[in-house]
Amino acid sequence: DFWEKVRDLILKTLLSVQPTLKHVYRTCLPHPSNLGNSCFEVLGFDIILDDKARPFLLEVNQAPSFSTDSPMDYIVKRGVILETMALICV
């Protein structure tokens, strides 16, 4: 299934950088009294498809742009923002 392949690609990428992300998180919130506090990043995954529609990772953007250049761009990025807010219960 196409979306399962995309999910696996993203998951494997996140697992490969997990130690670095953990270090950065601990640097931002080092004191034990910060337990329960959290932070997050929205990452932008650029995926390219080959001639057989197989997904390949092109790059990961740590600070993806949320500017919109087209109606479709607006719909996609608005959805990302709304889903992010729902995940963090805002």
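Scroll up to find the structure.
Structure report, in brief.

Thoughts on the overall build of the protein chain
If you tally the helices and strands in the protein chain, you get 2 helices and 2 strands. Helices (α) and strands (β) of the protein chain occur, in sequence order from the N terminus, as α-β-β-α. Computed over C-alpha atoms, the radius of gyration of the protein chain comes to 16 Å, more than 25% over the 12 Å expected from 2.2 N^0.38 for 90 residues, which places it beyond the range of a compact globule. Overall size of the protein chain, expressed as C-alpha extent along the three principal axes, is 50 × 30 × 20 Å.

A short note on the side chain of Lys-77
Here Lys-77 shows up in helix 2 (residues 71-87). Owing to a relative accessible area of 17%, Lys-77 belongs among the buried residues under this scheme. Within the structure, the side chain of Lys-77 is placed 2.7 Å from the backbone oxygen of Ser-67, a separation counted as a polar contact. The contacts of Lys-77, once residues within four sequence positions are left out, are Ser-65, Phe-66, Ser-67 and Thr-68.

What counts, and where the lines are drawn
- Residues numbered from 1 in each chain as written.
- Predicted model: local features only at pLDDT ≥ 70, side-chain atom pairs only at ≥ 80, totals over all residues.
- Heavy atoms only, no water.
- Helix = DSSP H or I, 4+ residues; strand = E, 2+ residues; numbered from the N terminus.
- Rg over C-alpha atoms; globule rule 2.2 N^0.38 Å.
- Buried < 20%, exposed > 50% of the residue type's maximum accessible area, 1.4 Å probe, protein only.
- Polar contact = N/O pair within 3.5 Å; in protein donor to acceptor, adjacent residues only side chain to side chain.
- Contact = heavy atoms within 4.5 Å.

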